[in-house]
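# A structural walkthrough
Chain by chain, the residues:
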Amino acid sequence: MPGNDLTVRVGGDSATGGIVTTGEVFARIAAYAGLEVYTTRTIPAEIKGGHVMFQARIAPEMVWSQGDDLDMLIAFDQESIDRYSPLIRQDGILIFNSNDSKPPAPNGIKQYPLPLNDLAKSINFQRGRNIITIGAMVKLFDLPFETATLVVEKQLGRKKEMLEQNLLALKTGYEYIEQNVTKTAPYHLSPRAGAEHEERLVLSGNQALSIGAIAAGCRFYAGYPITPASDIMEFLAAEFPKIGGTMIQAEDEIAAIAMTLGASFTGLRAMTATSGPGLSLMVELMGHATMAEIPVVIVDVQRAGPSTGMPTKVSQGDLRISVFGAHDDAPRIVVAPVSVEDNFYQIINAFNLAEKYQTPVIYLSDQDMSVRVQTIPPFDLNRVKLVPRLLWDQKQNGDGKFERFADTPNSISPMSLPGMKDGQYVAEGLEHLPSGEPDYTPEMHSANMFKRGKKVREAAADAEAWGMLERFGDQNAPVAILGWGSTIGPVREAVERAEAEGMPVAVLYTKMIYPLPRKEIAAFIEPRKEIIVPEMNYTGQFARMIQAEFWREVISVRKYGGVPFATHEIYAEIKKAYAKLKPAKKAAAPRRVAKSTKKKPAPKKSAARRK
Amino acid sequence: MPGNDLTVRVGGDSATGGIVTTGEVFARIAAYAGLEVYTTRTIPAEIKGGHVMFQARIAPEMVWSQGDDLDMLIAFDQESIDRYSPLIRQDGILIFNSNDSKPPAPNGIKQYPLPLNDLAKSINFQRGRNIITIGAMVKLFDLPFETATLVVEKQLGRKKEMLEQNLLALKTGYEYIEQNVTKTAPYHLSPRAGAEHEERLVLSGNQALSIGAIAAGCRFYAGYPITPASDIMEFLAAEFPKIGGTMIQAEDEIAAIAMTLGASFTGLRAMTATSGPGLSLMVELMGHATMAEIPVVIVDVQRAGPSTGMPTKVSQGDLRISVFGAHDDAPRIVVAPVSVEDNFYQIINAFNLAEKYQTPVIYLSDQDMSVRVQTIPPFDLNRVKLVPRLLWDQKQNGDGKFERFADTPNSISPMSLPGMKDGQYVAEGLEHLPSGEPDYTPEMHSANMFKRGKKVREAAADAEAWGMLERFGDQNAPVAILGWGSTIGPVREAVERAEAEGMPVAVLYTKMIYPLPRKEIAAFIEPRKEIIVPEMNYTGQFARMIQAEFWREVISVRKYGGVPFATHEIYAEIKKAYAKLKPAKKAAAPRRVAKSTKKKPAPKKSAARRK
Amino acid sequence: MISTIDPRIMTFEQANLAPNDYKSEVHPIWCPGCGDFGVLSSFYKAVSEMHIPTERLVVASGIGCSGRFPAFVHAYGFHGTHGRVLPLATGIKMANPELVVVAAGGDGDAFSIGMGHLPHAIRRNVDITYIVMDNEIYGLTKGQASPTSPVGMERKASPYGTVETPLNPLLLALARGATWVGRGFSSKPKELVELIKQAMQHKGFSFLQVYSPCVTFYDTYDHFKQVTQPLPADHNSRDKMSAMKYAMSDETLYLGVYYQEERPTFDEGYAAKRAKAHAENYGVPQILSRFTR
Amino acid sequence: MISTIDPRIMTFEQANLAPNDYKSEVHPIWCPGCGDFGVLSSFYKAVSEMHIPTERLVVASGIGCSGRFPAFVHAYGFHGTHGRVLPLATGIKMANPELVVVAAGGDGDAFSIGMGHLPHAIRRNVDITYIVMDNEIYGLTKGQASPTSPVGMERKASPYGTVETPLNPLLLALARGATWVGRGFSSKPKELVELIKQAMQHKGFSFLQVYSPCVTFYDTYDHFKQVTQPLPADHNSRDKMSAMKYAMSDETLYLGVYYQEERPTFDEGYAAKRAKAHAENYGVPQILSRFTR
Ligand SMILES: Cc1ncc(C[n+]2csc(CCOP(=O)(O)OP(=O)(O)O)c2C)c(N)n1
Ligand SMILES: Cc1ncc(C[n+]2csc(CCOP(=O)(O)OP(=O)(O)O)c2C)c(N)n1
Ligand code: SF4
Ligand code: SF4
Ligand SMILES: [Mg+2]
Ligand SMILES: [Mg+2]
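### Some remarks on the overall build of chain C
The helix and strand tally for chain C stands at 10 helices and 8 strands. Looking at chain C as a whole, 69% of its 293 residues qualify as buried. Partitioning the intrachain contacts of chain C with sequence separation of at least 6 by distance along the chain shows that 70% fall at a separation of at least 24. Of the accessible surface of chain C, which amounts to about 9,800 Å², a share of 50% is contributed by carbon and sulfur atoms. With 28 positive and 28 negative side-chain charges, chain C shows a separation of 7 Å between the mean positions of the two kinds.

### Brief notes about helix 9 (residues 230–239) of chain A
In an α-helix, one turn spans 3.6 residues, which is why side chains three or four residues apart end up on the same side. Counted residue by residue, helix 9 of chain A has 8 buried out of 10 residues, so it is predominantly covered. Every buried residue belonging to helix 9 of chain A is among Ser230, Ile232, Met233, Glu234, Phe235, Leu236, Ala237 and Glu239 of chain A, and all of these are buried. Here the buried face of helix 9 of chain A lies against helix 8 (205–215), strand 8 (218–223), strand 9 (246–249), strand 10 (269–274) and strand 11 (296–304) of chain A together with helix 10 (284–289) of chain C.

### Concerning the coordination of the magnesium ion (ligand 5)
Residue and element names in this part refer to chain C. The protein atoms that coordinate the magnesium ion (ligand 5) are Asp107 (OD), Asn135 (OD1) and Ile137 (O), at distances of 2.1 to 2.2 Å. For the magnesium ion (ligand 5), the donor residues sit on a single chain with the sequence spacing D-x27-N-x1-I. By relative accessible area, Asn135 is classed as buried at 10%. Owing to a relative accessible area of 1%, Ile137 belongs among the buried residues under this scheme.

### A few points about unusual backbone geometry
Here the amide bond leading from Gly305 of chain A into Pro306 of chain A is cis, since omega sits at 0°, within 30 degrees of zero. By the secondary structure assignment, Pro306 of chain A is in the loop between strand 11 and strand 12 (310–314). A cis geometry characterises the amide bond from Thr227 of chain B onward to Pro228 of chain B, with omega recorded as 0°. Secondary-structure assignment places Pro228 of chain B in the loop between strand 8 (218–223) and helix 9 (230–243). Of note, the phi angle at Asp142 of chain A is positive, near 60°, even though the residue is not glycine. Within the secondary structure layout, Asp142 of chain A lies in the loop between helix 5 (129–140) and helix 6 (145–156). Judged by its relative accessible area of 30%, Asp142 of chain A is partly exposed. Its identity as a non-glycine residue notwithstanding, Ser307 of chain B has a phi of 50°, on the positive side.

### Comments concerning the coordination of the magnesium ion (ligand 6)
Each donor-metal-donor angle would ideally measure 109.5 degrees in four-coordinate tetrahedral geometry, or 90 or 180 degrees in six-coordinate octahedral geometry. Residues and elements named next belong to chain D. The protein atoms that coordinate the magnesium ion (ligand 6) are Asp107 (OD), Asn135 (OD1) and Ile137 (O), at distances spanning 2.1 to 2.2 Å. Positions of the donor residues of the magnesium ion (ligand 6) along the chain correspond to the pattern D-x27-N-x1-I. Of this pair, Asp107 sits in helix 3 (residues 107–113) while Ile137 is found in the loop between strand 4 (129–134) and helix 5 (169–176), placing the two residues 30 residues apart along the sequence. One exposure class covers both Asp107 and Ile137, and it is buried.

### Some details on the sheet that holds strand 21 (residues 530–535) of chain B
All names here are of chain B. The sheet built from 5 strands is open, its strands ordered 17-19-18-21-22 with mixed pairing. Only two strands of the sheet have a single partner each, and these edge strands are strand 17 (469–473) and strand 22 (555–558). Strand after strand, the sheet turns through a mean of 20° between neighbouring axes, direction not considered. Across 5 bridges, the pairing between strand 17 and strand 19 (residues 505–510) is antiparallel. Across the sheet, the residue bridging to Phe472 is Val507, located in strand 19. Packed on one face of the sheet, helix 19 (residues 518–525) meets strand 17, strand 18 (479–483), strand 19 and strand 21 and runs near 165° to strand 19. Along the sheet face, helix 20 (residues 541–550) touches strand 18, strand 19, strand 21 and strand 22 and points at about 145° away from the line of strand 21.

### Thoughts on the domain arrangement of chain A
All names here are of chain A. With domains assigned, chain A is organised as domain 1 (6–197), domain 2 (202–383) and domain 3 (468–581). Summed over both sides, the interface of domain 2 with domain 3 buries roughly 2,100 Å², with 62% coming from carbon and sulfur. Looking at the side of domain 2 facing domain 3, the largest losses of area belong to Gln316, Leu319 and Val338, adding up to 34% of the total buried there. Put simply, domain 2 and domain 3 have 1 salt bridge between them. With a closest N to O distance of 3.3 Å, Lys511 and Asp342 form a salt bridge. Here domain 2 and domain 3 share 13 residue pairs in polar contact (both at pLDDT 80 or more) between them. Those elements that provide at least two residues to the side of domain 2 that touches domain 3 are strand 12, helix 12 (319–324), strand 13 (333–335), helix 13 (340–357), strand 14 (360–366) and helix 14 (367–371). Counting residues per element, the side of domain 2 that touches domain 3 draws most heavily on helix 13, at 4 residues.

### Comments concerning the interface of chain A and chain B
Many descriptions give the size of an interface as the accessible area lost when the pieces come together. Between chain A and chain B, the contact holds 79 residues from the first and 79 residues from the second. Buried area between chain A and chain B, summed over both chains or domains, comes out near 6,800 Å², and the portion from carbon and sulfur atoms is 61%. Viewed at the interface, chain B and chain A are joined by 4 salt bridges. Across the pair Arg544 of chain A and Glu549 of chain B runs a salt bridge, and its minimum N-O distance is 3.0 Å. Put simply, the parts of the chain that give the side of chain A that touches chain B at least two residues each are helix 11 (276–292), strand 11, strand 12, helix 12, helix 16 (442–458), helix 19 (518–525) and helix 20 (541–550) of chain A. Partitioned by chemical class, the residues of the side of chain A that touches chain B number 29 nonpolar, 26 polar and 24 charged.

### Re the interface of chain C and chain A
Every contact between the two is made by 56 residues of chain C and, on the other side, 75 residues of chain A. Each partner contributes to the roughly 5,400 Å² buried at the junction of chain C and chain A, and carbon and sulfur atoms together form 66% of this total. Our count for the chain C to chain A interface comes out at 4 salt bridges. Where Glu25 of chain C meets Lys401 of chain A, a salt bridge forms, and the shortest distance between an N and an O atom there is 3.5 Å. Counting the contacts that link chain C with chain A gives 29 residue pairs in polar contact (both at pLDDT 80 or more). Elements supplying a minimum of two residues to the side of chain C that touches chain A: strand 2 (76–79), helix 2 (85–95), helix 4 (118–124), helix 9 (266–277) and helix 10 of chain C. Its residues assigned to classes, the side of chain C that touches chain A comprises 29 nonpolar, 16 polar and 11 charged. The pairing of strand 16 (residues 426–428) of chain A with strand 2 of chain C spans 3 bridges and is classified as parallel.

Rules used throughout
- Residues numbered from 1 in each chain as written.
- Chains lettered and ligands numbered in written order.
- Predicted model: local features only at pLDDT ≥ 70, side-chain atom pairs only at ≥ 80, totals over all residues.
- Heavy atoms only, no water.
- Helix = DSSP H or I, 4+ residues; strand = E, 2+ residues; numbered from the N terminus.
- Buried < 20%, exposed > 50% of the residue type's maximum accessible area, 1.4 Å probe, protein only.
- Contact = heavy atoms within 4.5 Å.
- Areas by Shrake-Rupley, 256 points an atom, 1.4 Å probe, with all protein chains shown as cover.
- Lys, Arg positive; Asp, Glu negative; His and termini not counted.
- Charge placed at Lys NZ, Arg CZ, Asp CG, Glu CD.
- Donors = N, O, S within 2.8 Å, 3.2 Å for Na, K, Ca; no water.
- Pairing = 2+ DSSP bridges.
- Axes fitted to C-alpha atoms, helices over the stretch in contact; angles between N-to-C directions.
- Domains from an automatic or database assignment.
- Buried area = accessible area lost by both parts, 1.4 Å probe.
- Salt bridge = Lys/Arg side-chain N within 4 Å of Asp/Glu carboxyl O.
- Polar contact = N/O pair within 3.5 Å; in protein donor to acceptor, adjacent residues only side chain to side chain.
- Nonpolar A, V, L, I, M, F, W, Y, C, P; charged D, E, K, R; others polar.

Okay, here's the thing in structure tokens:
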């Protein structure tokens, strides 16, 4: 929907361009002008320098994905022209730094030279090229110049004389476009009436998560730097000291989770965050947390692996290690948010689940939703309900001796905290009696295995009650999408598009990955003819889990190149699913398993597969 | 089959009794007398002292499990009487140390006092109680006294004067029974004719594995002590220096696998061995081995968890971490032997698979089969075929530049070793080009994900060819057992018994757990009405994997108390399966999935469950 | 905070308990004669004399014979995983600095798998006491050489003798900047009680190596009786070079307080950060305002 | 052995290559001005002058900016996981002692997550060279404090300043018994080439700390230029106490060879075990005979 929903990309060498700043400042200007903004960026392999691109999608209504084609490309250098101009839509435009690159051969796309270096020189501000660009973009999008001034002041106004230079640069870019490129701006986006007075947050998933953790009462964090999770540590490093919390940069991830367990044992709501390699290192102590029944939240911001893999690229490949990564059966809960906004609410659920069931909760974010900055509605702080840990209360207990691991009808045992009189016990990694004393009898081991398993299984009941099941689309549709995590964005848009074309789709995203909310998922899949399960990993980890639990085939759509789904890729799958339905026109009942393995279809090679 | 298949248990305090030595020496005497022996033991929680029992089952024909009831109990102390006399079968006997304990109330079981302390005093050899006991047992079982003498000389004859004392003690025990207990020995076991001339090995699973590794050409081992895997390290510590191999006791399991990877990269066949907690720590580097395509064998001797759990008890709970324990998809091969003997052959397969596919192979042994000592037929060294690693050969390559990760039709790339001219490359944990140079493009990542996955999937084809599928029972039976690992022993016996009673069972044990040999397993399960999957873990990890892959229900029989299945427990499941078949008499086709989750039966609570 | 108890604002009174009151109901699994018994009873005595309430005391450990320590103390305990006792204890202490936190374990736990954590606990100067029961062997796994075992040790895992040179734990702790370093011997209970008390009274990270022989796999009682002796009277425990010199002695092994100095503890350092960060009426709404359009 | 090549019996001749011949085709991803460039070019020079054939050279590393080192060297390389370079290099060296094995990495890799392995590589005296490019910061993860960062460092993860005291890597290596210890500076290439050569020529574990400033997150060029100077001429590199003394100096930071001694290497020790274990015509059948009835 050009003119109403625009995608702009800025590309160049990160050493020279300030590309990301350019993009971020511009996105904020748009946001302050009352528009909805959704940004993405790449991160170069080089530490400094190296090619980088920033993309912003801007519209009057909420947008849900990064956008497939470009309405506008701003190329700081030749490489950006070469790489991205093929992505420009037919009626899109290219702005290129005419001091540094040549335009592509004429290809029907409008091309506007912007002599960035000359302009910078003209105001005697060599490093002002990015602000000049912002000024140009503001004019091109016909955004209010005052809003731009305001944001530049807020974001880049630390030093007064710098500010003046920046404002001059802004004006220079603005006026250059005004005078040279076109009389009317090519793109005018009108915000919804009064939108600029509506409250909006502009933040990233990692920021939403960090604020959510604080709202959830988290007061202890230990972590070790790792891309793309370090932001969380850095956020809490700044905030915790102000609110009485403690954040420790540990010597490695094993130490980080150990410190976190120690703090939780002592009574604080505690968290650690990492990415794949760190999660792998935490596996041993995650098992201990299950055994000693210690609440803990472990955030994993998934990135592409295996091993070091591609640290700055997205993946949803850690589902299985989150569910199954432990020696012997060590049940735990796995939670996955779906969006920047959702990170706030789901991390609160994660803490409540950990505390309620006294078990580790693994929280699966991903690189894409964690670093992406976008506009979202303000958080509803009234929705924040904190479920406390079941503490031992000597008064209720009469003269009874405290038994830390006493079995109870719901398998949750009251817990004492160091400092509480007569609550002494050992948090024990060996198999143990209710008192905590080691015991190796088959009876006790079996009983405890059952206790630890039951607790976690029963957590499934909270999923619906705690808002961990998100449904949209047409719930009567024969075609469904069952998903998890940040694929929800392109799915939302693809479903809207398909629906508009007469192909309704029912969608369910579960934010509780383990235990699976069986009842709700079963009810959801039962009436469907085709179920699409999109995810960003090689083997279709979630799809396989669904097939394993519900013994029916789903269409596993996998993308595993380190980039998110595009809307059109999901849309294509919906279309294919509908195409499948028509010719046959027989199977009213859901399709079941083929009789022999020969007939079992090989896992789908989705169209998106090699992307 | 009393009189033909006898189970004897010795119990007492390990600090005073030498219980285990008693049992082991006696078992060896029986073995040397031409009988087949199968032993088990418990390990006390205490380091020294603490209750311990040793059990030996002895018969003229191979025995397959530890035996359910006791034919004879030798109790060194009161605790042993109290604990084990209920397990004595009706026509069994109890020998108890009458200087140290009282017999149980008369309960129909023959009781013979053995005044151990008095006898020891009479020969002035306080610590001779265990040898006296052995002498008594030799007489009770009517084994040749000369064989006993021979074994005692071999096993306990290091110091000459000690040997004389020991032989005197042996005689004392022998004669005491001869004179006091009964005129004819209560149990006489005749070996098969000429059996004592047949070759037999008497060893444990860990020993069979270690010898197998040597036969497989393994020449590098790094490990960290952990029960019950340390034996392997200790075995190789003694043998490797004799054959040019290198064994390093590392500072922890992460270092152990790192050293192992370094050595394999350099060109040696390399292995590490550990148990659950160590395996958890190795997960990160296992992912690196997949990424950098480095062959490596990782032995996991499974013990009961989670966490430290019960280090001396058995479990089969590490299947899932072995298959799925890594961040992002990191395909690997998982192999599981079924018995002491099988450890020799399967570890060779494990090395061949690792080298052929240049990928980590996780080898799942368990506490029970690793420490148990038994008689087995000699290894067939002609069966040992070594599959070499595909090495790069510059001559074949012409002038082409070496590309370590070059894709090939079967996805296996020729490998160079440090020292080879022009073979330089970096074993890279980042995603990379065929040359090894880091690369983060979606195209390359997708292609490599596919390459690494395909290699491992195709390994399934080797399972049948390499003898990794063991079938027995009646392959036309409607009831089947599909299993893995050391449950095969009680299954074998239960199936024999059921078959004798007109309930034939088809059995398949797969020693390749991942990738699953799909074709063979599908063919096996296709014609069955009921499929029993017994395993020693809480969630039925293998059963769920089968259900996930073949989308049909199996009877998941789980025991998770840290002790192996008893034959009668498996037998009971077979009987139940047959009982299920009869009344219905309808479903000729295999039972498929229930339509809605409501109807989906909850995972079976097997009879054995709380054992 | 939402738990009914905020652990960070607990207060405690002095206890008046006999050493035996610190004994738990769990019977030690140690071999008769194990040095760890001596450490345990000295510990009971020390905490009794220091009037520490049992509910204020937390004993954390890793895995090993010595790692079973917490179960035998009537106090809060954390029996963690192999080698991770220091970060566990750090988390406990930092979550509630009012607690008295002791880390206990063996030489394998401390210097082999756990070696990576010791320098960092020292750098942070976490206010905990670390008691390493050094028997120069792996007890629980039945007798393999440890990082403090002498060269040439022949055991099942080293049948031809070890070639690795032993580490010098005291020297390491000193080189890393530990603020309290001492050494005791399980067979010298009177001195050991004193050392444990001093270590626990020290504000900051105290590192106490205790020779605690393993009768079953490496009986060093006689050896240590012969080669140990108290630090010379002229040794000044504020003099690091002197401490290093005595720590490097390998014929005579000295017992006593090698070194002590004062440096802000980790929780004090954190408190200073809080003071610096100071914000009134600060919480989620204030944070959100920064991100609000 | 069944591979067509037994790595343990390779032999090599001297190479005659220019420094540039050790340059790989991979373009360094480092920021312009990064100290690691200086280390890399000194390394090319050192191995060229030592006539090491490229196929005999193995460079292993963990993760970090500095961890990218192997990719830029025309040699065999192993880019492992964060902190595990020493056990990786140990496995490589012990599998084929004929190889020349260099471990390279950063201060975070070495002294934070990898800290547990250094003492053990030293104990074993594995005959490898460990070059730590110490920029006193985490470069690759964009500027968090490392174990060698000074107290009070303000960065995104420590906005109120760090409170942990920095480790002294040289002192640690000396306290642990390293047989070769030295320190260089990326901006002193001539001296650095010499140090790398000496470290690599040393038989046993050589530990070389190189100040290698991170221009992007912690530009210490000026600082190090001011505070570094060569070890005084009277320093005897066989005198450990003197080495320790100079290592403890924190106003002036000395460059040069702090300490060296000879001790059997790990592979020599292992060779001795083999000699001790000696068995003729020994193999699987002989082993089996011990278990045969
Ligand atoms: C991750 C892991 N690896 C290995 C083990 C096995 N293990 C238990 S205790 C121990 C070492 C014990 O030695 P030490 O720390 O000296 O304690 P001691 O028994 O001598 O008191 C080992 C290797 C384990 N429990 N966990
Ligand atoms: C297990 C694991 N944890 C964390 C990381 C993230 N990480 C990569 S490099 C690095 C530290 C880099 O610092 P340093 O070793 O000093 O190297 P430099 O970049 O400064 O050269 C970290 C924490 C990782 N790759 N793996
Ligand atoms: S094995 Fe050694 S350390 Fe362990 S309890 Fe026995 S004597 Fe003590
Ligand atoms: S971030 Fe620092 S250490 Fe990394 S390449 Fe840049 S200058 Fe070098
Ligand atoms: Mg020890
Ligand atoms: Mg660094």
